[in-house]
Amino acid sequence: MAFVRHPIARLAILTLVSALASAQDASKPFDCHITIGDVKYDLTSLEGEHTVSRELSVPPTTIEDKVTFNLCKDLERKSDVPPEDQCPEGTRACLVRTNRKEGQPDRVFSVIPMANSSADAVTYDRLSSPKGLDVTFAGHSYPSVLNADPIPQFFHLKLLCSTETSNINFTSYDGKDLRLEWSAPAGCEFGSPSDDEEKPDKGGEGDGGSGSDKEESVGSGLGYFFLIFFLAFVAYFGLGAYYNYSTYGASGADLIPHRDFWREVPYMLRDVVSHLCSAFRPRHSSRGGYIAV
């Protein structure tokens, strides 16, 4: 146990634990739940293996590109397919390219892992017009006949918001990026109001609503002013009473700060009111109705 108490040993253990935690987070699989800002997407309704293909005519042969994918889980190994014609474990999308020629058996010439299962391998962006989600999975690098270096592979799914699920469209594959397009309810975001939803009209109808907003704003400002004034008044009396008590040992009415001033306040108010009344009320004399100057 003395070894664990040593500072260097503690640092080594903490570093090891952090590394293990980071490795665990890095290997966390993508679970089909996506959050972008304040909106969310749930792709679990699309779970399951889906297959879509296209054919390219390259006389005298035809090339079939067939991609099988599962967004939420790894692809299962098939017992009726040779192991070399399948992608390795931990693959979410697998592209199999087959050469076909009349009178000859089909020949698989490429098996490309297009998507990994790690959440770190997935990026996504919101689509605004039309609404939807663009999901990109990073795959393994695959050798190229045109380039000595292996080419990184990417699986792109353009998922459009729709009330019904459509067929999957194999858009393109250029040796690096495989693109599919699919319309489904899972492409619709949730978690915030959509653009089509009515937003509350704060202004009301016509200019009346704008006037109410202004009145509410003014009323709110006056309320804050009087609240702050009241709190300042209470703080003034509280701190003043504490000061008089701690400094002079005052008690009772002597605790009031500036007591003499507050005693004179009623008389000062009376004088002010009397002066205002005399200023606005004309004084008539008894001589001929003249006003005294």
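Note that residues are indexed from 1 along each chain, following the sequence as it is written. Local features in a predicted model are, by the rule used here, given only for residues with pLDDT of at least 70; side-chain atom pairs are given and counted only at 80 or more, and totals for whole chains, interfaces and linings are based on all residues. Remark: hydrogens and water are excluded; side-chain values derive from all non-hydrogen atoms of the structure.

A.B. asks: Looking at this structure, how should I read the state of the cysteines?
C.D. replies: Here, the word disulfide means a covalent bond between the sulfur atoms of two cysteines. Only a pair of cysteine sulfur atoms within 2.5 Å counts as a disulfide in this structure description. The final tally for this structure, using the stated rule, is three disulfides. Each sulfur in the disulfide pair Cys-32 and Cys-72 lies 1.9 Å from the other. Between Cys-32 and Cys-72 the disulfide shows an S-S torsion of about -105°. By sign, it is left-handed. With a gap of 40 residues between them, Cys-32 in the loop between α2 (7-26) and β1 (33-36) and Cys-72 in the loop between β4 (61-69) and β5 (91-100) connect regions that are remote in the sequence. Note on Cys-32: relative accessible area 0%, which makes it buried. Disulfide pairing is shown between Cys-161 and Cys-188; the S-S distance is 1.8 Å. Taking the torsion about the S-S bond as the criterion, the Cys-161 to Cys-188 disulfide, at about 95°, is right-handed. On the criterion of sequence distance, the pair formed by Cys-161 in strand β9 (residues 151-161) and Cys-188 in the loop between β11 (177-184) and α3 (206-248) is long-range, its members being 27 residues apart. Three labels apply to residues, based on accessible area from a 1.4 Å probe with only protein chains included: buried if under 20% of the type maximum, exposed if over 50%, partly exposed otherwise in between. Cys-188 gets classed as partly exposed once you look at its relative accessible area, which sits at 24%. When the cysteines of the protein that form disulfides are numbered from the N-terminus onward, they connect as 1-2, 3-4, 5-6. Here a strand is any run of E in DSSP of at least two residues, a helix any run of H or I of at least four, and the numbering for each starts at the N terminus.

A.B. asks: Honestly, the pairing of strand β3 (residues 50-58) in this entry has me stumped. Any pointers?
C.D. replies: The pairing of β3 with β4 spans nine bridges and is classified as antiparallel. Note on β4: the bridge partner recorded for Arg-54 is Asp-65. The antiparallel pairing of β3 with β4 creates a hairpin that spans two residues between the two strands. Only strands joined by at least two bridges in the DSSP assignment are considered to pair.

A.B. asks: Please explain the pattern of salt bridges as it appears in this structure.
C.D. replies: Pairing of side chains with opposite charge becomes possible as their charged atoms draw close. Think of a salt bridge as a Lys or Arg side-chain nitrogen and an Asp or Glu carboxyl oxygen that are within 4 Å of each other. All chains considered together, the criterion is met by 10 salt bridges. Among the salt bridges present, the one from Asp-65 reaches Arg-54, with a minimum N-O distance of 3.1 Å. With Asp-65 in strand β4 and Arg-54 in strand β3, this pair connects stretches of sequence that are 11 residues apart. Of the two residues, Asp-65 and Arg-54, both sit in the buried class. Through salt bridges with shared partners, a single network forms among Glu-55, Glu-64, Arg-100 and Asp-106.

A.B. asks: Can you walk me through the pairing of β1 in this structure?
C.D. replies: Regular strands have side chains that alternate between both faces of the sheet. Across four bridges, the pairing between β1 and strand β2 (residues 39-42) is antiparallel. Across the sheet, the residue bridging to Ile-36 is Val-39, located in β2. In textbook terms, the turn of a hairpin is the stretch between consecutive antiparallel strands, and for β1 and β2 this stretch comprises two residues, one of which, Gly-37, has a positive phi near 65°.

A.B. asks: I tried to follow the nonpolar core on my own but got confused; where do I start?
C.D. replies: One recurring pattern in soluble globular proteins: nonpolar side chains tend to sit buried together. Formed by 32 residues in total, the largest nonpolar core has its most connected members in Leu-43, Leu-71, Phe-155, Leu-178 and Leu-180. Top contributing element to this core by residue count: β11, with four residues. When near neighbours in sequence (up to four residues on either side) are disregarded, Leu-180 contacts Val-52, Val-67, Phe-69, Phe-155, His-156, Leu-157, Lys-158, Ile-168, Asn-169, Phe-170 and Thr-171. In plain words, nonpolar cores are sets of buried Ala, Val, Leu, Ile, Met, Phe, Trp, Tyr and Cys residues tied together by side-chain atoms within 4.5 Å. Leu-75, Cys-87, Cys-94 and Val-111 belong to the second largest nonpolar core, which has five residues in total. Contacts: residue pairs with any heavy atoms within 4.5 Å of one another.

A.B. asks: Is there a simple way to think about helix α4 (residues 259-280) in this case?
C.D. replies: Each turn of an α-helix holds 3.6 residues, which means side chains three or four residues apart point in the same direction. Taking 1.5 Å of rise per residue, the 22 residues of α4 would be expected to cover 32 Å, and the 33 Å separating its terminal C-alpha atoms lies within 8% of that figure. What is called the bend at a residue is the angle between a pair of axes, fitted to the seven residues leading up to and ending at it and to the seven starting from it. The largest bend in α4 amounts to roughly 35° and is located at Val-265, with the proline Pro-266 lying one to four residues further along. Given a helix with a known number of residues, its expected span is that number minus one, times 1.5 Å.

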